[in-house]
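What the coordinates show
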Amino acid sequence: MIVLFVNACLRGEKSRTLALCCHYLKELKAAKPDTEIEEINLEEMEIEVQSGSLIEMRDGFLRAQDFSDPMFDLAKQLIAADHIVIGAPYWDLSFPARLKVYLERCSVDKLTFVYDEKGMPHGQCRAKDLTYITTAGGYIGDMNFGFDYVKGLCSYLFGVKNFHFAAADGIDIIGVDAEAKMEEAKARLTEIVKEI
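Below is a summary of the structure that appears in this document. Not measured: the values here are computed from a predicted model. (Residues numbered from 1 in each chain as written. Predicted model: local features only at pLDDT ≥ 70, side-chain atom pairs only at ≥ 80, totals over all residues. Heavy atoms only, no water.)

Things to note about the overall build of the protein
The secondary structure content of the protein amounts to 6 helices and 7 strands. Ordering the α and β elements of the protein from the N terminus gives β-α-β-α-α-β-α-β-β-β-α-β-α. Radius of gyration (C-alpha) of the protein: 17 Å, near the 16 Å computed for a compact globule of 196 residues. Seen through its C-alpha atoms, the protein measures out along the principal axes to roughly 60 × 35 × 35 Å. Counting across all 196 residues of the protein, residues that qualify as buried make up 44%. A fraction of 78% describes how many contacts in the protein between residues 6 or more apart in sequence connect residues 24 or more apart. (Helix = DSSP H or I, 4+ residues; strand = E, 2+ residues; numbered from the N terminus. Rg over C-alpha atoms; globule rule 2.2 N^0.38 Å. Buried < 20%, exposed > 50% of the residue type's maximum accessible area, 1.4 Å probe, protein only. Contact = heavy atoms within 4.5 Å.)

Quick look at the structure:
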């Protein structure tokens, strides 16, 4: 099983979101020893923000149905994964901007999705499951726009069917037991491994 880990944790080893991701990947590997993890570390990558000239160049390749340019490598990697894991801190009600740029780069007509004769998209991703992992200093509540966006995009365009979510939120609020919150999130992640 190929697991694509999209690491949008900007604080590196200090990231509590990354700590949860590492727990999940370790549990997944223990449960499914044939698991191969491919990591995309967005903090270490230079992904150009979509621009008019970049879109024009991309559209030329699409018209020629030529996906050999490196700009399509991330989309190809995404559709080849058996399971997608996204680790992103809760950032201004969603997630860091680098993740949005990555998802835009992966959204490629005739590669990650195709349109039928009625104009409806059909996802081409092999992965049927996506696990979204986050942490938040405050409480997320019903303002989970980051996960909601990923779920909407990946179900509608990419064809992912099952979505799993784990969060440790409220961990910077005075009086909250942050370690207990992290342990609760780890327990949820262990349950997700059993569901997959």
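Next, the rest of the story.
Side note on the pattern of salt bridges
One pass over the structure, following the stated rule, counts 10 salt bridges. Taking the shortest distance from any N to any O, the salt bridge between Arg 98 and Glu 43 comes out at 3.7 Å. With Arg 98 in helix H4 (residues 97-106) and Glu 43 in the loop between strand E2 (36-41) and helix H2 (52-63), this pair connects stretches of sequence that are 55 residues apart. (Salt bridge = Lys/Arg side-chain N within 4 Å of Asp/Glu carboxyl O.)

A closer look at H4
Residues Leu 99, Val 101, Tyr 102, Leu 103, Arg 105 and Cys 106 constitute the buried set of H4. Those residues of H4 that are buried lie in contact with strand E1 (2-7), E2, H2, helix H3 (73-80), strand E3 (83-87) and helix H5 (145-156).

Some thoughts on the nonpolar core
Formed by 40 residues in total, the largest nonpolar core has its most connected members in Ile 86, Leu 99, Tyr 102, Leu 130 and Phe 158. Going through the elements one at a time, E1, H2, H3, E3, H4, strand E6 (129-136) and H5 are the ones with two or more residues in this core. Among the elements that take part in this core, H4 stands out by supplying 5 residues, more than any other. Formed by 19 residues, the second largest nonpolar core is a distinct cluster that contains Leu 18, Leu 28, Ala 168 and Val 193. (Core = buried A, V, L, I, M, F, W, Y, C linked by side-chain atoms within 4.5 Å.)

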